[in-house]
Amino acid sequence: MNTIHRHSGQPQGTPPPHGRLSHQKLRRTLGTALAAGLGVTLLSGCGSQQLLSIGDLSSGYNREVAFMSIFAIALSIIIFVGVSYALFFTVNKFREDKHTAEPAQFHGNNRLELILVVVPVIIVMFLAVLTVRSMAILNPVAETSTKIDVLGRQFWWNFSYPETKADAGGTVTNGNEMIMPIKQDVALTITSGDVIHGFWAPNVGGQRAAMPATLKTWNVDTDRAGVYQGNCSQLCGASHANMRYKVVALDQERYNTFLAAAKAYRAPEPAADSPEARGYAIFMQGKPATGALACAACHRVQGTPAAGAAGPDLSFFGTRRTLGAGMWEFMTEEHWETPRAKEILHAWIKHSPLVKPGSLMPTYDGSEYLASGKKVKGGVLTDEEIDDVAAYLRGLKLPEEANYWNDTPVYGSSDAAASDTAASVPAQTAKTTQPTPGGNQ
Ligand code: CUA
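First, a word on scope: everything that follows refers to the structure included in this document.

Thresholds applied
- Residues numbered from 1 in each chain as written.
- Predicted model: local features only at pLDDT ≥ 70, side-chain atom pairs only at ≥ 80, totals over all residues.
- Heavy atoms only, no water.
- Helix = DSSP H or I, 4+ residues; strand = E, 2+ residues; numbered from the N terminus.
- Buried < 20%, exposed > 50% of the residue type's maximum accessible area, 1.4 Å probe, protein only.
- Contact = heavy atoms within 4.5 Å.
- Areas by Shrake-Rupley, 256 points an atom, 1.4 Å probe, with all protein chains shown as cover.
- Pairing = 2+ DSSP bridges.
- Axes fitted to C-alpha atoms, helices over the stretch in contact; angles between N-to-C directions.
- Parallel < 35°, antiparallel > 145°, perpendicular 65-115°, else oblique.
- Nonpolar A, V, L, I, M, F, W, Y, C, P; charged D, E, K, R; others polar.
- Core = buried A, V, L, I, M, F, W, Y, C linked by side-chain atoms within 4.5 Å.
- Polar contact = N/O pair within 3.5 Å; in protein donor to acceptor, adjacent residues only side chain to side chain.
- Phe/Tyr/Trp six-rings, centres within 6.5 Å; stacked < 30°, edge-to-face > 60°.
- Lys NZ or Arg CZ within 6 Å of the ring centre and 35° of its normal.
- Patch = residues over 30% accessible without salt bridge, like charges linked within 9 Å, V, L, I, M, F, W, Y side chains within 5 Å.
- Salt bridge = Lys/Arg side-chain N within 4 Å of Asp/Glu carboxyl O.
- Expected span 1.5 Å × (residues − 1).

**Looking at the overall build of the protein**
The secondary structure content of the protein amounts to 9 helices and 14 strands. Out of the 441 residues belonging to the protein, those deemed buried represent 43%. Pairs at least 24 residues apart make up 66% of the contacts formed inside the protein by residues separated by at least 6 positions. Summed over its atoms, the accessible surface of the protein is roughly 23,000 Å², and 62% of this surface lies on carbon and sulfur atoms.

The structure is reproduced here in structure tokens:
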């Protein structure tokens, strides 16, 4: 009942139709698997359109790692061949049926023992030097690099731009979609607001743990403009797999345009008596008569009094094309405007933990949810009121020239509107109490 069919729903654990695999079948299966594996490996190596790959050589980080890996693998092959040769040579030469006498012992042969110690030490030192070299290239954070602060929470991300203070106050921040410039090091400072998460967007660089009360700096980079997939890489609770984000890499000019627009941005003021205006009122004050909490208590919207920090920043919500921290993707403007996207947003606002297990957002259909580990009853908003809030959120748009999705190629998306096997939101039955697993368990 609490299931979300996000990916194509192949039934799992279906037994093979004719019982055990025959030898021939097994061989064919293995052959296919091997070919597929090789194909995937080769594809990643080409840096072509792929979902998640450290083999994407558009990133200087990945090139450095690839360079090191090639050395390490080549060395391993040489050692493997050398040792295998020595082994078979020895076994063959000193076979018992060829020699009746006990073979000569080398205990006490200082020269041989020295060689057996020195050669591995040289190999290990060679690898250590390579590693230190790569670390020296990848790790220093230059004063001039673009800085982005990354905050992981159960189960979403905030990306703020510490050098860009908004005209309306506060720091420019975007939830779940990280915008970065291409062809330069981008210095991330990564932390967590609760448990350990993992920042992992392999197309732009390696992964780094996001630890509470710890700031870690980390460089990422790419030469190619595009939208890349990011995931949480540390098991962090019920929706670990739903803790996704997008990395949007733009050329310097477009990045500057985004940043300038974001700096100047003030949330648009809704026209009087519009759905947006009604949504704005609920967003700011909630609906005290039914106990519905104000969204502003947990979310920030730049240029309004909403300055909550418990949930993701919603300042540019209408410009985003992902929902629920990348759980649903609508990769074109057209898809973002489909009834499907609206249905999911509606379901999300109404009863977030129902569509995303472990979500800590309050409910607005009167069902219970977890607040600080305790079950409490949510307030109630009517469907119209929820749509008003959704309309307000959808109106929070950056100016069109700063829309970072325009003409940015998307690598490896699973567009929820474009795909037949897309997400289905569980039917909403008001007042049903769903057992919601706590995020932190
Ligand atoms: Cu956060 Cu897994």
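Moving on, there is more to tell.
**Regarding the sheet that holds strand β3 (residues 171-175)**
Strand order in the open sheet made by the 5 strands is β3-β2-β1-β5-β8, with mixed pairing throughout. Both outer strands of the open sheet, β3 and β8 (216-220), are each paired with one neighbouring strand and no more. Between one strand and the next, the sheet's axes are offset by a mean angle of 30°, whatever the strand orientation. Lying on the sheet, helix α4 (residues 252-264) is in contact with β1 (146-153), β2 (156-165) and β3; it crosses β2 at an angle near 85°.

**Observations regarding the packing of helix α5 (residues 275-285) against helix α9 (residues 383-394)**
Close contact between α5 and α9 brings their axes to 7 Å; oriented N to C, the two are set at 100°. The orientation of α5 relative to α9 falls into the category roughly perpendicular. Across from P275, E276, R278, G279, Y280, I282, F283 and M284 in α5, the residues of α9 making contact are E385, D388, V389, A391, Y392 and L393. Along the lines of polarity and charge, the residues of the contact of α5 with α9 split into 9 nonpolar, 1 polar and 4 charged.

**A short note on the nonpolar core**
Of all hydrophobic cores here, the largest spans 80 residues; its most connected members are Y161, M178, F199 and F283. A per-element tally of this core places helix α7 (residues 339-350) first, with 6 residues.

**Thoughts on the side chain of Q229**
Considering the arrangement of structural elements, one finds Q229 in strand β9 (residues 226-232). On the basis of relative accessibility, which here comes to 3%, the residue Q229 falls in the buried class. Of the polar contacts made by the side chain of Q229, one reaches the side chain of N231; its length is 3.0 Å. Within the local environment of Q229, its side chain forms a polar contact with the side chain of K246, the two groups lying 2.7 Å apart.

**Regarding the sheet that holds strand β6 (residues 197-200)**
Read from one edge of the open sheet, 5 strands run β4-β10-β9-β6-β7, paired in mixed fashion. The open sheet has two free edges, formed respectively by β4 (177-181) and β7 (207-210), since each of these has just one partner strand. Recorded for the sheet is a direction-independent mean angle of 25° between the axes of neighbouring strands. Across the sheet, α4 lies against β4 and β10 (244-250), angled at about 130° from β4, the strand it touches most.

**Considerations on the packing of aromatic side chains**
Two numbers describe a pair of aromatic rings. These are the distance of the centres and the angle of the planes. Enumeration over the complete set of coordinates arrives at 20 aromatic pairs. Ring centres of W157 and F159 lie 6.5 Å apart, and the angle between their planes is 10°; on these two criteria the pair is classed as stacked. The two residues W157 and F159 agree in class, both being buried. Linked through ring pairs, Y161, F258, Y265, F316, Y404 and W405 together constitute an aromatic cluster. Above the plane of the ring of W336 lies R394, whose end atom (NZ or CZ) is 4.5 Å from the centre.

**Notes on a nonpolar patch on the surface**
There is a patch of nonpolar side chains on the surface, built from L114, V117, V118, V121, I122 and M125 and spanning about 560 Å² of accessible area. Tracing the backbone through its elements, the reader meets V118 in helix α3 (residues 110-138).

**Some details on α3**
Its 29 residues place the ends of α3 42 Å apart at the C-alpha level, agreeing with the 42 Å of an ideal helix rising 1.5 Å per residue. Along α3, the residues classified as buried are L130, S134 and L138.

**Some remarks on the pairing of β1**
In β1, alternate side chains face the same way, and those of T146, I148, V150 and G152 are buried while those of K147, D149, L151 and R153 on the opposite face are not. The pairing of β1 with strand β5 (residues 186-192) spans 7 bridges and is parallel. Bridging from a neighbouring strand, I148 pairs with L188 of β5. Sheet topology places β1 next to β2; 5 bridges connect them, and they run antiparallel.

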